[in-house]
Structure formats: C-alpha cells, structure tokens
Amino acid sequence: MFDLEAILNTIAPELLLAAAGLLGVTIGALIGDRFNSLSFKVGALVLFAAAALAVLYWPGGRAFDGLVETSSFANFAKVVSFICAGITLLMAEGFLRQHDTLRYEYSLLVIFAALGMGIILSSSNFMTLYLGIETLSLSSYVLASFHRDSPRSAEAGLKYFVLGALASGLLLYGMSLVYGFSGSTSYEVVAEAEASIGFMFGMVLMITGLAFKVSAAPMHVWTPDVYEGSPSPVVAFFATAPKMASMVVFAIVMFTAFPQAMAFENWQVIIGIIAAASMLIGAFGALPQANLKRLLGYSSIANMGYALVAVAAGVQYGAGSLLIFMTAYVIASLGLFGGVLSMRREGGMVENIDELAGLIRRQPGLATALTVLLVSVSGFPLAFGFLGKLAVLEAGWTAGLMPLIIILVISSVIAMYYYLRIVKIMWFDEQTADFEPVDFWVTGTVYVTALVSVALLIFVSPFSELAASVAAGLVS
Amino acid sequence: MDFPILSAVTFIPLAGAILILLVKMLTGAQIRPDGTEDERVVYAGIMFSVATFVMSIVMFLSFDLSGTGYQLVEEVEWFSGIKYKMGIDGMSLLLILLTTLLTPIALIASIGSIKHRLTEYIVSFLVLETFMIGVFCALDLVVFYVFFEAGLIPMFIIIGVWGGVDRIYASFKFFLYTLLGSLFMLAAVVYMYLTAGTSDVVQLEQFEFAKGAQTWLWLAFFASFAVKLPMWPVHTWLPDAHVQAPTGGSVILAGILLKMGGYGFLRFSLPMFPDASVLFQPFVFTISVIAIVYASLVAWRQTDMKKLIAYSSVAHMGFVTLGIFSFTEYGVQGAIFQMLSHGLISGALFLIVGVVYDRMHTREISAYGGLVHRMPVYATLFMLFTMANVGLPGTSGFVGEILTMVGAYQASTWAAAGAALGVIFSAVYMLTLYRRTVFGKITNPEVETIEDVNLKELICLIPLAIGTILFGILPNLIFDITRESSLHALAQMAGG
C-alpha cells in the first residue's frame, strides 16, 4: 500500500516544501528575529531545490490511490513556478528591510504558497485540488496584507480574502454538484460521466472559481486593488508563480476532468468569452491608469486572456502553446514587476508611471533591460514573448477560434500603446527627481530575465520541443 | 558551409552597436557639463556602417548576376519547422546596397547636428540598420516578420528622443499605425504556416492557396505594406513622422523604410496570391492614382519644407504600386528602379533641408529666399535633386516614372493618364519650393550671413548626386541586376 517510490515520484518537491516550511516555523519560534535575514536566502534555496526535485523525479507518477498524479505537463509548471517563487523571495529582502518589515514569516508564507501550487498541479481529485487552492490562497491573503501597519496593505488583504472566499465557495459548490451528478471527485471518473444539466452547472461554477484564481474577467475586479495595496515584492510574486500554477491547473482540470464532447463544446464557449472579456478589459482598463501597480494589474488581466485563448483551443492544440506563452510571460513579468516596483527615488517609492521619467539617463542599463522586458510582455517580435503570442495565435487558429484571434490582435495593439507609454516616459521625458540605486538581487533579476527573454527568442528550439512533448503526454 | 556573408552583412551593425555600448559602459559616461558628449563615438558608428557597406560590396561581387533564384542562401533550423533562412535575389541585393549606403550618410549628416545622447543615437541607427538589412535578406516569413517589426523600436526611439517639438505624438502615431497593419500580417503568416505546413518563402511560392483564402491573406498583407509604403488614405503618419524626425532619421525613413512596402508586394503578395492580386488590381490602381494626384496637390500647399517632401514621397510611392500591379515587365522593373531612385533622391532632399535647418533652425519656406546669393554650391545641388524629383530626363527619377507609366498604360489607360497628371504637379510643387527658397531677393536678414555647404555635407550629397545621374543615364546597370527577379515574380503570377 505504502509505495515510497510512487510517492516520491509524484510529490517529492511538495514533501520537501512542507518539511522545510514546518521546520522554518519551529526555528523561527526558537530563535525569533535572528532568523529574519537568513530565512530569505534559505527559503530561496529550498524553492530551487524543490524545482530540482521536480526535474529529478521527471516525468512524475501517481500515488495515494489516485488522489495525486503528476504529469510531465504539471511538472513543467512546477519547475517554473518554484523558480519564480524563489527569485521573488530573493528580490523581496532588500525591499522589506527598507520598510522595516523583514520578518521570517514572509519566506515561510511564500514556501507554503509554493506548497499549495505543487499540490494543485499534482492533484487528480477535486479534494486535493481544493486543499491545494486553499493552501495557496490563505498564504496569499496574508502576504497581501504583510505591511500590517499600512492601511492600504491591510485593505488589499481583506479585499482579497473576502472575494477569494466567495470564489472558493463557488468552486466548492461546483465541485459538489459535479460530484453529485457523476458520483466521484476523481478527475478520471468525472471524465467518464454523462454531461447532464446539473453536471454542466457544476462545471460552470468551477470555471468561475478558477477564473478568479487566474484573475480573468469578469472575476478580475480584485486584481488592480490588491496589486495597488500589496507590498511590491508581493505583487511581483502574485503576478508570476501563482499565475503560472493556477493557469496550468485551470487547463489540466478542463482537459482531464471535462473532456466529454458535450462538456468541451460548452466550456470552450465559456472560456472563449472569458478570454475575450479579459483581453478587452485588460487592454482598455489599463489605458487611463496613472498608478504603475494598477496598470500592471490590468496588463496581467489581458495576458491571462491571451493564455485562456490557448486553453479554449482545447488540449490538442492549446496545451503546448499555453506552456510556451505562460513561461514567456512569467519570465518577463518577473523582471518587469520586480524591477519597476522596487524603483525608489527621493521621497519614496515610485508609484505613478510619471515618476519613472528619465530613468534612461540615471540608469541606462536598467532602463534598456526593462524596455526589453516590456517588449517581451507586449509580444513584440524582439523577445521571447513574441513566440508565446505566436503560439497562442497558432493554437487559436487551428482550433478555428476566429473571433478570439481578431480580439487578440486588436487588444495587442491597444496594449502596445500603454507599454510604449512606459518606454516613452523612461526614455523621452525629463528626469524630475534622482533615482536611488536598486538592490543587487533586483538588478540581477532584471538583467538575467531580459537576457533570457532575448536568448530564448533565438534558441527556442529545445524549449518548444520540450513543451510539445510534454503537451503530447497530456493528450494520450 | 560557405562563409555566411548575408548574416555577416546583417549583423555587423548590431555587433558594432553592442561594442559601442560596452565600451561606453566600461569607460563610464563622458557627458560634459553642458550635456553634450564626446563626438568620437560618431566616428566609431560611421566606421561600423562603412564596414557594413564594404561587406555588402563583397556580397555584391559574390552574387552571380546571370543566376536565377535565390543566391547565397543560409539555412539554420530555428524551431518547429521555422528556419532562420537568408537569401537574396537582384531586387533584395539592390535594396541592401541602398541601405548600407544610406546609413553611413545618415550618420555623417548627424555630426554636429545631434549633440545630446550621441551614443544612444548611434546605437539606435546601427541596430536599425541590422533590422532593415534583415528584412531584405529573410527568406522565411516568420524571420521576415521579426525583422520587419523589430525595426519599429529603434525608429520610434530615434523620432521620440531626437525629433522636433511634437516628436512624442509623431513617434506614437508612427508606431501604432505600422503595428496595427503588421498584426494583421502576423495573423496571415500564422494561417499560411499552418495551411502550407511551412513558412519558407520558396516553398510558399509553389503552394497554391485557395481563392477565397487568397483574398483574405492578400488583404492582411496589404494592410501592413500599405501603411508602410504608405498608400493613401493610411499615409497620414508619414508627414508627422518626417517633420519631427531628425535629418538622419528622415533619410532612413524615406530612403529605406518606405521601400519595405514595395518590396513586400513584390516578394509576397504577387507570387503567393496571384489570383487575389489580379482581383485587387483596379482597387490598387485607383488608390495609387488618388495618392499621386492628391498627395501632389497637398504638397503644393505646404509651408514646411520637410512636409512638402514627405507628401512628394507619398506621390512617388504611388508610382511604385502602379508599376507593381501592372503585372508587366516594364511596370515591375520600373517600380524597383523607382524605389531605388526615390531612395537616393528623397534621401538627398531631406539632407538638403537639413543643411539649411542646421543653420537657421526653421523649416518654414517663407523664412528663406535668395539662398543662391549666399550658397551657390548648395543651389546647384538642390537644383539637381529638384529636377530628379520632378523626373527630368537624364536623372534616375525620369526612368522610374516613365517605365511605371508605360507598364500601367498597358494595363489601364486611365491609370496612366492620372499618373501623368502627377508628373505635372510634381514639377509645380518642386519648382515652387525651389523658387521660393533659392531664388529671389534675400528678405530674411539671417540669410545674409548663411554659409555654403561644408565638406561634411558634400560627402553626404555627392554620392547621391552621382547615383542619381549615373542611373539616369545608364539605367541598364540596374535593370541587369533586377531583371531575373522581376521576371521571376511575374512568372510566379502567370504560373500560380
């Protein structure tokens, strides 16, 4: 019954994260504040080790009577998410020290959130899925309000919590309906069930709940508010690791639990509408924004819309494209969110877009790297993001989703406008105040992600083959 | 594998740009208290662009003029069947030579007139050169698209940083107009790749798309190329961009970026969508003639010298589309010739405007008058390029216009008649410009002390003047190079 090898194959990284998290709590309780600084470096190491374990136990397995099952598709997302989480941890230290909130709980919360991501990616049963989502969400709520003395941060946490709880409720209700009509919570059994009306109802409610997690319209309203209020490193974290994990889980649930022809027809339409709404709301919503964090929030809504086009294309066409797009997006976002949001000038953090004025003169290297990242996020053909968007376009086209393609093209042009506006302010506008030097880890991340974005544009071949083979595993 | 000469030509400027940036980073910024920079960096930039020019001459020498098809082909697998494939024929060869000639000229023209953020200026130009050459070399649709789009960013920065008063508005307009067109092309590229199973240009030429699909694909490509060319009514970004761009930027914009549209029609639209091209011939003829007549009339009423030349560019590009869509050997040869000739002439005219702008800091025609008394050499050169732009026999402008009109005449008498009207108008606005700036009495006291062209400006203008006259007298120099590629495009049309 207790097959250690199968367990390790399936959830080795999660075991490490759980153990490290619990150990961290213990150490923190024993030595208190002395653990604060150390915990960030160690935490990042643990997350990188978890990513390494996911690679080591490739391609995954199945354990606990099918409660957890790791495909290579999920493993791919795990590796990317864990690495992102680790890097955001490294970037967070300097910021939190400046704001006098450098506490070891932060790194533990990120580790627990990563544990949640691992669990949802490995789940093949609604119960494990729900447990994982709650682990991830509860850690996120606390992270959002980590600056507990700042009313805005507390507000962000509360807002996130209330809305998140509602979404979780919808998700749970959907799961119970699906369970009631199919007789099981296991993806495999649900996939075989007849797609009756009640079953569909449950499925739609589940889609609503999952859409909240990836901040897709119309469940997106929390995103700009939470991004605005949360501490900057937390925003960089929210925009990358959990987005990657949740989006891939969204796809896995749709692809493996609801593959019946009738269900597919329905959820393709629903997700198509969600994708279209996200692309348009993300593009238009960002236009009037003056606050940098809100703008980036809308930008991530639009990008989730693009990713959902790949989901709507179905498992056969969309799975590989989704991985390429999401990886390109999180690589660029990591540097972009991390870099832009930790910029300081005389008199405090850079909060509005205008305050980036003249960055090129003070820090030409950093400004150029940020420009590359903006170019990548916008999908313009100078960086990896272009290939991500190309993959999504290809998926949408083969699946025959013509209206989505047109909306994608239009919203890309609109989005280009506000990305360009940031470039314009950094390059063309006169500097109004002096910038302070940026933390070593943040600068490093910005440079590395920019380089990786350009390098992957050129040497994409091994990567795209990997994504294709991983996706092929999901089809069979 | 042979020496990858096309990649060498393409990437020397980029390598130079990176090197300049590295040197600047290592030695630290040498910005003087007044905000200006050490001018030696310009010479480094000129050196790299001249090296590129020399390399492109080597490329020209290793090109077999009598050969057919694409030559000097390089192929490396990129990802999932898309290849990094480079190769040239006569048409792309000429446009590459034009690019590598105009870039050093644009850089030389910037000595002294660009003072702030010089390094970034040089780097932007070198990066832009790489992308422009890449556009003309690429033999894979996706690679082509990447180069085609990527060029927008350096141009956006060139206009936005070193441009005139309204530079931000102009740079945004330029960027978003072009991008919107291009994204439709991207959608078409994806469709073609999925339908034909390849994005290789040579194989796509052989592939026959269904007639209905061709219509849509043609329109998607047209959206992109028409904006780039630019054709009426999507030309409105051009006057703004030109007026605001620095002189060097205008030279590149008019000289090379506009040619990408015409190149795209000949390389992709005609051979790949022959049925749709025939279907849309009357449409293209109509808007080409409207462009020629309308833009000429608008040019006549301009008070800004650069704007006048910008509108004249729109009119002259109308001849290019007219020639291409006549589907005759005369027309196509004439269109390619017109692209080259317009590259030389409009580049020279923007330099000519730049010469007086550097001295007087205004482009208003009314601020000038009587320049001939103070600047005889300038007046002579200006006269030459004015005549070339009008299409005086003996200059290259004449050959391009007469051939495209002959081609158009074979296809549609009315179109040719309309275009001929444009030739008359071009004489009207160009001579008006010349008369009001160069002749007459000196009215503006500042003109009293203006100085004639200096050595730097002569170095820029003389090669263009030689080219204009040489190709005007011996057009066969060009036709021998482009004959194979124009016949190839037409054969594809007939056979496809």
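Residues numbered from 1 in each chain as written. Chains lettered and ligands numbered in written order. Predicted model: local features only at pLDDT ≥ 70, side-chain atom pairs only at ≥ 80, totals over all residues. Heavy atoms only, no water.

## Notes on the overall build of chain B
Within chain B, the secondary structure is distributed over 22 helices and two strands. What you see for chain B is a C-alpha radius of gyration of 22 Å, in line with the 23 Å of a compact globule of 496 residues. Counting the 496 residues in chain B, one finds 66% classified as buried. The long-range fraction of contacts in chain B, counting pairs at least 24 apart against all pairs at least 6 apart in sequence, stands at 82%. (Helix = DSSP H or I, 4+ residues; strand = E, 2+ residues; numbered from the N terminus. Rg over C-alpha atoms; globule rule 2.2 N^0.38 Å. Buried < 20%, exposed > 50% of the residue type's maximum accessible area, 1.4 Å probe, protein only. Contact = heavy atoms within 4.5 Å.)

## Here's the deal with the overall build of chain A
Within chain A, the regular secondary structure consists of 20 helices and four strands. Taking 476 residues into account, the globule formula puts the C-alpha radius of gyration at 23 Å, and chain A, at 21 Å, falls close to it. Reported as C-alpha extents along the three principal axes, the dimensions of chain A are approximately 65 × 55 × 40 Å. Per-residue burial for chain A yields a buried fraction of 66% across its 476 residues. Sequence-distant contacts in chain A: of pairs separated by 6 or more residues, those separated by 24 or more amount to 81%. For chain A, the computed accessible surface area is about 16,300 Å², with 68% contributed by carbon and sulfur atoms. Distance from the positive charge centre (20 side chains) to the negative charge centre (29 side chains) of chain A: 9 Å. (Areas by Shrake-Rupley, 256 points an atom, 1.4 Å probe, with all protein chains shown as cover. Lys, Arg positive; Asp, Glu negative; His and termini not counted. Charge placed at Lys NZ, Arg CZ, Asp CG, Glu CD.)

## Overview of the pairing of strand 1 (residues 71-79) of chain B
Residue and element names in this part refer to chain B. Where strand 1 and strand 2 (residues 82-88) come together, six bridges link them in antiparallel fashion. Paired with E74 across the bridge in strand 2 is M86. Hairpin connection of strand 1 to strand 2: two residues between the antiparallel strands, including S80 at a positive phi of 25°. (Pairing = 2+ DSSP bridges.)

## A closer look at the side chain of K293 of chain A
All names here are of chain A. Here K293 shows up in helix 13 (residues 292-312). The buried charged residue K293 lacks any salt bridge partner; its closest oppositely charged side chain belongs to E351, at an N-O distance of 5.4 Å. One polar contact links the side chain of K293 to the main-chain carbonyl oxygen of S230, over a distance of 2.8 Å. Not counting chain neighbours up to four residues away, the residues in contact with K293 comprise Y227, E228, S230, P231, S232, V235, L341 and E351. (Salt bridge = Lys/Arg side-chain N within 4 Å of Asp/Glu carboxyl O. Polar contact = N/O pair within 3.5 Å; in protein donor to acceptor, adjacent residues only side chain to side chain.)

## Overview of the interface of chain B and chain A
Contact with chain B, which involves 31 residues of that partner, is made by 30 residues of chain A. At the boundary of chain B with chain A, total buried surface from both sides reaches about 3,000 Å², with 86% on carbon and sulfur atoms. Our count for the contact surface shared by chain B and chain A stands at zero salt bridges. Applying the counting rule to chain B against chain A returns three residue pairs in polar contact (both at pLDDT 80 or more). Those elements giving two or more residues to the side of chain B that touches chain A turn out to be strand 1, helix 5 (141-150), helix 6 (152-162) and helix 7 (167-196) of chain B. No other element matches the 14 residues that helix 7 of chain B contributes to the side of chain B that touches chain A. For the side of chain B that touches chain A, the per-class residue count stands at 26 nonpolar, three polar and two charged. (Buried area = accessible area lost by both parts, 1.4 Å probe. Nonpolar A, V, L, I, M, F, W, Y, C, P; charged D, E, K, R; others polar.)

## Let's talk about the packing of aromatic side chains
Applying the stated criterion across every chain yields a total of 56 aromatic pairs over all chains. With a centroid separation of 5.0 Å and 85° between ring planes, the pair formed by F264 of chain A and W267 of chain A is classed as edge-to-face. Remark: W267 of chain A and F264 of chain A occur in helix 12 (residues 261-286); sequence separation between them is three residues, near one turn of the helix. Under the relative-accessibility criterion, F264 of chain A is labelled partly exposed at 25%. A residue is classified by how much of its surface remains accessible, and W267 of chain A, at 1% relative accessible area, is buried. Between F174 of chain B and W237 of chain B the ring centres are 5.3 Å apart and the planes differ by 55°, which places this aromatic pair in the tilted class. In this pair, F174 of chain B is assigned in helix 7 and W237 of chain B in helix 10 (residues 237-244), connecting sequence segments 63 residues apart. Note on F174 of chain B: relative accessible area 2%, which makes it buried. With a relative accessible area of 2%, W237 of chain B lands in the buried category. For K228 of chain B, the ring lying beneath its charged end belongs to F148 of chain B, and the centroid distance is 4.6 Å. (Phe/Tyr/Trp six-rings, centres within 6.5 Å; stacked < 30°, edge-to-face > 60°. Lys NZ or Arg CZ within 6 Å of the ring centre and 35° of its normal.)

## Re unusual backbone geometry
With omega at 0°, the peptide bond leading from A217 of chain A into P218 of chain A counts as cis. Residues W232 of chain B and P233 of chain B are joined by a peptide bond in cis, for which omega reads 5°. Tracing the backbone shows P233 of chain B in the loop between helix 9 (211-228) and helix 10. Look at F64 of chain A: it is not a glycine, yet its phi comes out positive at around 50°. Within the fold, F64 of chain A resides in the loop between strand 1 (62-63) and strand 2 (68-69). For F64 of chain A, a relative accessible area of 41% corresponds to the partly exposed category.

## Notes on the confidence of the model for chain B
Residues at a pLDDT of 70 or more form 97% of chain B, whose mean pLDDT is 86. Put simply, strand 1 of chain B is where chain B has its lowest mean pLDDT, 82, and helix 14 (residues 281-300) of chain B is where it has its highest, 91. (pLDDT = per-residue confidence, 0-100.)

## Quick look at the environment of M254 of chain A
Residue and element names in this part refer to chain A. Turning to its location among the elements, M254 is positioned in helix 11 (residues 241-257). A relative accessible area of 1% places M254 in the buried class. The spacing of M254 and M206 is 48 residues in sequence and 9.8 Å in space, taken between C-alpha atoms. Once residues within four sequence positions are removed from consideration, M254 is found in contact with M203, I207, P259, W267 and I271.

## Things to note about the pattern of salt bridges
Evaluated as defined, the whole model comprises 22 salt bridges over all chains. A salt bridge links K83 of chain B to D200 of chain B, with the nearest nitrogen and oxygen atoms 3.1 Å apart. Here K83 of chain B, found in strand 2, pairs with D200 of chain B, found in the loop between helix 7 and helix 8 (201-206); they are 117 residues apart in sequence, far enough to count as distant. Taken as a pair, K83 of chain B and D200 of chain B share a single burial class, namely buried. Beyond isolated ion pairs, a larger network of salt bridges with shared partners links E155, K159, D225, E228 and R294 of chain A.

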